[in-house]
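Working through the structure, step by step
Read off the chains here:
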Amino acid sequence: MIERRPYSELGGAHHGWLDTRHHFSFAEYYDPNRMHWGNLRVWNDDTIAPHSGFPRHPHRDMEIITYVRKGAITHQDSLGNRGRTEAGDVQVMSAGTGIAHSEVNEEDEPAQVFQIWIMPGEAGMPPTWGTKPFPKGDRSGSFVTLASGIPGDDGALPIRTDARLAAATLEAGKSAEYQIAPGRRVYLVPAAGRIDINDVVVSAGDGVAVSDEQLLKVSALKDSEIVLVDVA
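Here goes a summary of the coordinates provided. (Residues numbered from 1 in each chain as written. Predicted model: local features only at pLDDT ≥ 70, side-chain atom pairs only at ≥ 80, totals over all residues. Heavy atoms only, no water.)

1. Some words on the overall build of the protein chain
A tally of regular secondary structure across the protein chain gives zero helices and 22 strands. At 17 Å, the protein chain has a C-alpha radius of gyration in line with the 17 Å of a compact globule built from 232 residues. Across its three principal directions, the C-alpha atoms of the protein chain cover 45 × 40 × 40 Å. When burial is assessed residue by residue, the protein chain has 53% of its 232 residues classed as buried. Put simply, of all contacts in the protein chain between residues at least 6 apart along the chain, 71% involve residues at least 24 apart. For the protein chain, the exposed area adds up to about 10100 Å²; of that, 49% sits on carbon and sulfur atoms. In the protein chain, which carries 22 positive and 32 negative side-chain charges, the distance between the mean positions of the two groups comes to 1 Å. (Helix = DSSP H or I, 4+ residues; strand = E, 2+ residues; numbered from the N terminus. Rg over C-alpha atoms; globule rule 2.2 N^0.38 Å. Buried < 20%, exposed > 50% of the residue type's maximum accessible area, 1.4 Å probe, protein only. Contact = heavy atoms within 4.5 Å. Areas by Shrake-Rupley, 256 points an atom, 1.4 Å probe, with all protein chains shown as cover. Lys, Arg positive; Asp, Glu negative; His and termini not counted. Charge placed at Lys NZ, Arg CZ, Asp CG, Glu CD.)

2. A closer look at the sheet that holds strand β7 (residues 72–77)
Consider a sheet: its strands pair through backbone hydrogen bonds, and that pairing is either parallel or antiparallel. Strand order across the open sheet formed by four strands is β5-β10-β7-β8, with antiparallel pairing between neighbours. Each having just a single partner strand, β5 (52–59) and β8 (82–86) make up the two edges of the open sheet. Taking the axes of each pair of neighbouring strands and ignoring which way they run, one obtains an average angle of 20° across the sheet. The pairing of β7 with strand β10 (residues 99–105) spans four bridges and is classified as antiparallel. Pairing of Thr-74 across the sheet is with Val-104, part of β10. (Pairing = 2+ DSSP bridges. Axes fitted to C-alpha atoms, helices over the stretch in contact; angles between N-to-C directions.)

3. Considering the environment of Ser-148
You can see Ser-148 is positioned in strand β13 (residues 144–148). Spatially, the C-alpha atoms of Ser-148 and Pro-158 are 5.3 Å apart, while their sequence positions differ by 10 residues. Excluding anything up to four places from it in sequence, Ser-148 contacts Asp-153, Ala-156, Leu-157, Pro-158, Ile-159, Ala-163 and Arg-164. Within the structure, the side chain of Ser-148 is placed 2.9 Å from the backbone nitrogen of Ile-150, a separation counted as a polar contact. (Polar contact = N/O pair within 3.5 Å; in protein donor to acceptor, adjacent residues only side chain to side chain.)

Structure representation (structure tokens):
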């Protein structure tokens, strides 16, 4: 089953410095039918104004992935970490027993990010943070794993949960396939472009909830960037 969730129907809010859309219930947006997708709990589509951002705040027992689509985000946390993550790259924060952090757009242009939260496989672990560059050219024409807690996904940023984040860039007219193991679900969002997924047409920002499928064939109707999470 492939369910398209149009961008225009997502929850969200405008906070002046932040324009956000919520694929799942979050903050003041509540939909009992959109609480999670497997162990995927949050997928927020955030645009952060220049020289603004999220002040320091705490998290606990959550795997938090930030996929930067445009611009850059600078992270600081209570462990002493500081790092700048640019467009196309990924950072992972395993909140574990507790961590406080800030996420700020220190640039002169808006930053666009996907904030993705996945429930951990085990609570009470030590908190960690990491980031890694993933050149977009390396994922041209195929899905590349960027963060994962699945054995065998070497080279990806580690997360402490049975999930995988992958991304692909496709030129118009090109296709890529993604195999889904039995019993698993996928949630997919085009960061840019327009695509056809198993004969369902999806535009940038739309969510796609996939269940009971074994193979996704993704064809680009326009130059596209696609991000997906594969969850238990």
